[in-house]
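# Survey of secondary and tertiary structure
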Amino acid sequence: MDFRLTEEQELIRSNMREFAETYVDPIAAEIDESARYPAEVIEKLAEGGWMGMPFPVEYGGQGTDYLTYAIAIEELSRSCAATGFTMSVHTSLSLMPIFLFGNEEQKKKYLPPLAQGKHIGAFALTEPGAGTDVGAATTTAVLEGDEYVLNGTKTFCSNGPVADTYVTFAWTDKSAGRKGLSAFIVSKGTPGLKVGSHFMKMGIRASQTSEIIFKDCRIPKANLLGKEGDGMKIAMNCFDHGRIGIAGQSVGITQAALDESINYSKQRIQFGKPISKNQAIQWWIADMATDINAARFLTYHAAWLKDQGQPFTKEASMAKVFCAEMAMKHTVKAVQIHGGYGYCKGFKVERLMRDAKITEIYEGTSEAQRMVIAGTVLR
Amino acid sequence: MPEILCCFKWLIDESYIRASSSGELDLETVDYKLSNYDRNAIEESVRLQEEYGGTVSAITVGLPDSTKGVKDALSRGPEKAYFINDDSFENLEPSQTAAILADIISSQINYDLIICGEGSSDLYAQQVGPRLAEKLGIPCISYIQKVQIEGDRIVAEKKVEDGIEVISAPMPVLLTVLPDINTPRIPGLKDTLGASKKPVINISKDDLTVSYEAKIHTNAIIAASMERNCQKFGSETEDIANLARALAKEGVIK
């Protein structure tokens, strides 16, 4: 067993750190406040090759392993969880299903501009009445000649307002149960595709989220991803990959909370000494550092399993639920360490606490992760 | 088209150094990085290549386990690296580093231009560049903030106290550069991944013509500490007199 990262992985981590400190830290508070999409940062990420990390060079990617990708998401999220999530959704939920389930023609057409970051990918599964219960979706796809006609409304579509390519899901045969859901690729500008307004969220505010409405939206038959009926399988596979990204994001958020807490507690003087000299603060910080270590290993292990070609569904869920709940718990503590200042805009921990909450909700709630884990260990 | 050689040092990242209360440095858990000013040296080499063509190679002297540093340097643009390494090359002092570099460069490497950082970001002795130029018998222009190539000459702007000195010298020439000269680019993913595929020429101690002994020995490195003597005084006449007496006692005023 070897816990060391490769020299390449270490360099990639420090380069992403430097990138984030240079380009993301200076704007992170502003894009949170204004809920602005940091197009200029995404462009720079694209230039550096970060928008298509774990895909082969022939499809415009960089050919890294998934562990290296998780490390990059972690470091980016340490500066801005919203920017980290934009990259994560694009990579894990949009490129990954096209790469894994697309035919050669689809891969050649869609992957290069996405992997080079010239196009942004989005994932549209959730519906107003179908969150964790994916089967409650109502969007339909009816084959008419050489086209599928999509009708329905998707909500909470991450990257929705800025995407060029959507991976979405609709029933091709509602009577077939889980086997009736299918996955499709839809391009921006397709008649009948309407992007709703941007949701104003509690956290990760710079990540763009909207409704996506399909009204008699006709897409070529060739845009079916996999076979008819593969939708549920593809969606679940997307989540397996996405959850490693969210776990990495959560580790990044918590690491930032620890960084801030260490700095603040060393310089905040109360009762004539830095508050870091108080045992209560020391124990909170010790717990934070310990949990981050555990969370990081869970995340890296899940990514490593994926890289070894082994099953990783259970481990991705374990990493996701542990990391998300850790992020929530410790960002609350980080605010507590900062006292009244931590409750105010302008202190990073205030943003971190709001950003952390979503990690327990999206790409499968903590409760859904426990369903996955229990389903595996009780089998 | 110039053949450019840039020198770099792989050193302890000072942000990881912890000092004990007695001032002893804890180097157990440190990480390493490319010397700050050497990033500028590499960047300027690559920038000149982009403008004038030619080649860029990087060279370093260090411990055999500094391979990550070699990759880091290569990810910033040079197309190959000369890695002079030996287990004994730890804490080399500037005269040794310059002598080893000169030995290898004069016997194995073609160059028109050598670029170094103004100093290393750990010891900051600022000696390796000038010493290396002296050993190679080539002109040295130090503390450069701007450089261009005109024919077979280098024209460089050197920062001096009250102004800028513009100096021209025939190549081959050695420059040491200031951090103001450029903003080093941050290597992208493809740069880092590509670095592993670039050639590294490993050079061992056996390739040196002689061995170079240290001329100076560092006896200790301890953290600087500032003793604070916190006394409080009020604002009454007598308090101010006490303040003056206290300052006089400490020798601050006479």
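Residues numbered from 1 in each chain as written. Chains lettered and ligands numbered in written order. Predicted model: local features only at pLDDT ≥ 70, side-chain atom pairs only at ≥ 80, totals over all residues. Heavy atoms only, no water.

## Re the sheet that holds strand 9 (residues 140-150) of chain B
Residues and elements named next belong to chain B. The condition is simple: Strand pairing is assigned whenever DSSP detects at least two bridges linking the two strands. Strands here mean DSSP runs of E at least two residues long; helices mean DSSP runs of H or I at least four residues long; both are numbered from the N terminus. Axes here refer to lines fitted to C-alpha atoms; in helices the fit is confined to the stretch in contact. Angles between the N-to-C directions go from 0 to 180 degrees. Residue contacts follow a heavy-atom distance rule, with two residues in contact if any of their heavy atoms lie within 4.5 Å.
In space, the nine strands of this open sheet follow the order 11-10-9-12-8-1-6-7-13, with mixed pairing throughout. Pairing within the sheet leaves two strands with one partner each, and these edge strands are strand 11 (163-170) and strand 13 (200-203). Looking at each pair of strands side by side, their axes are set apart by 30 degrees on average, direction ignored. Here three bridges tie strand 1 (residues 3-7) to strand 8 (residues 113-117), and the two strands are oriented parallel to one another. Within the sheet, the bridge partner assigned to Ile4 lies in strand 8 and is Leu113. Across the sheet, helix 2 (residues 67-75) is in contact with strand 6 (55-62), strand 7 (80-85) and strand 13; its angle to strand 7 comes to roughly 155 degrees. Contacting strand 1, strand 6, strand 7, strand 8 and strand 13, helix 3 (residues 94-108) crosses the sheet at an angle of about 140 degrees to strand 6.

## So, the interface of chain A and chain B
Stated formally: The term buried area refers to how much accessible surface (probe radius 1.4 Å) is lost by two components on association, counted for both of them together. Throughout this description, the term salt bridge denotes a Lys or Arg side-chain nitrogen within 4 Å of a carboxyl oxygen of Asp or Glu. Any pair of nitrogen or oxygen atoms within 3.5 Å is treated as a polar contact; in protein, a donor-acceptor pairing is required on top of that, and neighbouring residues in sequence qualify only through side-chain atoms on both sides. Under this grouping Gly is polar, as are all residues other than the nonpolar Ala, Val, Leu, Ile, Met, Phe, Trp, Tyr, Cys and Pro and the charged Asp, Glu, Lys and Arg.
Chain A puts 17 residues into the contact, and the matching count from chain B is 14 residues. Its largest share of buried area at the contact with chain B, chain A owes to Glu7(A), Glu8(A) and Leu11(A), together 40% of the area lost on that side. At the junction of chain A and chain B, the tally comes to three salt bridges. Taking the shortest distance from any N to any O, the salt bridge between Arg39(B) and Glu18(A) comes out at 3.3 Å. Counting every contact that joins chain A to chain B gives eight residue pairs in polar contact (both at pLDDT 80 or more). At 10 residues, helix 1 (residues 7-34) of chain A tops the list of elements feeding residues into the side of chain A that touches chain B. Its residues assigned to classes, the side of chain A that touches chain B comprises six nonpolar, six polar and five charged.

## Remarks on the packing of aromatic side chains
Residue and element names in this part refer to chain A. Heads up, the rule is: For Phe, Tyr and Trp, where Trp contributes only its six-membered ring, two rings pair if their centres lie within 6.5 Å, and the inter-plane angle classes them as stacked under 30 degrees, edge-to-face over 60, or tilted in between. The cut-offs for exposure are 20% and 50% of the maximum accessible area for each residue type, with area from a 1.4 Å probe on protein chains only; residues under the lower value are buried, those over the upper are exposed, and the others partly exposed. Only when the NZ atom of a Lys or the CZ atom of an Arg is both within 6 Å of the ring centre and within 35 degrees of the ring normal do we say a charge sits over the ring.
Enumeration over the complete set of coordinates arrives at 13 aromatic pairs over all chains. The interplanar angle of 85 degrees and the centroid separation of 6.3 Å between the aromatic rings of Tyr264 and Phe347 together place this pair among those described as edge-to-face. Taken together, the positions of Tyr264 in helix 6 (residues 231-267) and Phe347 in the loop between helix 8 (313-342) and helix 9 (348-359) put the pair 83 residues apart, joining distant regions of the chain. Owing to a relative accessible area of 9%, Tyr264 belongs among the buried residues under this scheme. Residue placement shows Lys306 over the ring face of Tyr66; its charged tip is 5.6 Å from the ring centre. Positioned over the ring face of Trp284 is Lys333, at 4.4 Å from the centre of the ring.

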